[in-house]
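# Secondary and tertiary structure notes
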Amino acid sequence: MWNERYNEAEYVFGTEPNDFLKAQFARIPVGGRVLCLAEGEGRNAVFLAEQGYQATAMDLSEVGLNKAKKLALERGVDITTQVADLTDYQFGIEQWDGIVSIWAHLPPKIRQYVHAQVVPALNPGGVFIVEAYTKEQLKMDAVGGPPASQKERFNSIENVQAELTQLTPIIGIEKQRTISEGKRHQGLSAVVQFIGRKAP
């Protein structure tokens, strides 16, 4: 599905970074290694590389990651890409200074599997940054998020906090905000935003 979705010249979510990440990226230790989950066409990883981070973009879609490489080349930065599936992806132990999950909408069991790996995978003082749609998105006129038939994929602050108790919360909120990211994320939207830090 994602290979088909990304198989066009246009960047379907745009080429600019997610607003929340752009506002908060500096919480990640300077120059650190950052893993971007379900990174698609690479806009967030490329932005982080532009800020001096060692960014790895992982995604299920080889087509999306090829576009990520193209964007990095155009911007004059290097990123690492990795075609992988979050259902069995191994994050490693103390490998990352930052892990970024932007719009990675997963079934509950896979989300819990991912969250269980975040804390061990972060270096001491490392940061996990999340933005995802909540089920309130189904009441909005905006474009974006899982369909109603997959409402179990929406996230919430309750889920994140319950599954990441070992991180110290810096930001944890559900809110409405206007999003403009390519043609697939547009309008006043319902989101959860979370940032947590591993103890130094």
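This is a predicted model, so every value here is computed, not measured.

Turning next to the pairing of strand β7 (residues 185–197). Within a regular beta strand, the side chains point alternately toward one face of the sheet and then the other, so they alternate between its two faces. Both strand β5 (residues 122–133) and β7 contribute to a ladder of seven bridges, which runs antiparallel. Pairing of I129 across the sheet is with I195, part of β7. Judged from the 13 bridges that link them, strand β6 (residues 168–181) and β7 form a sheet pairing that is antiparallel. What sits directly across from I173, in β7, is Q193. The loop that links β6 with its antiparallel partner β7 comprises three residues; one of these, G182, has a positive phi angle of about 60°.

Moving on, we come to the environment of R27. Looking at where R27 falls in the secondary structure, it is placed in the loop between α2 (19–24) and β1 (33–37). Of the residues examined, R27 reaches a relative accessible area of 33% and is grouped as partly exposed. Each C-alpha atom, one on R27 and one on G125, is 9.8 Å from the other, the two residues being 98 residues apart in sequence. Beyond its immediate chain neighbours, meaning those up to four positions away, R27 contacts V127, I170, I171, I195 and R197.

Conventions and cut-offs
- Residues numbered from 1 in each chain as written.
- Predicted model: local features only at pLDDT ≥ 70, side-chain atom pairs only at ≥ 80, totals over all residues.
- Heavy atoms only, no water.
- Pairing = 2+ DSSP bridges.
- Helix = DSSP H or I, 4+ residues; strand = E, 2+ residues; numbered from the N terminus.
- Buried < 20%, exposed > 50% of the residue type's maximum accessible area, 1.4 Å probe, protein only.
- Contact = heavy atoms within 4.5 Å.

Bear in mind that shape data such as this cannot, by itself, settle questions of function.
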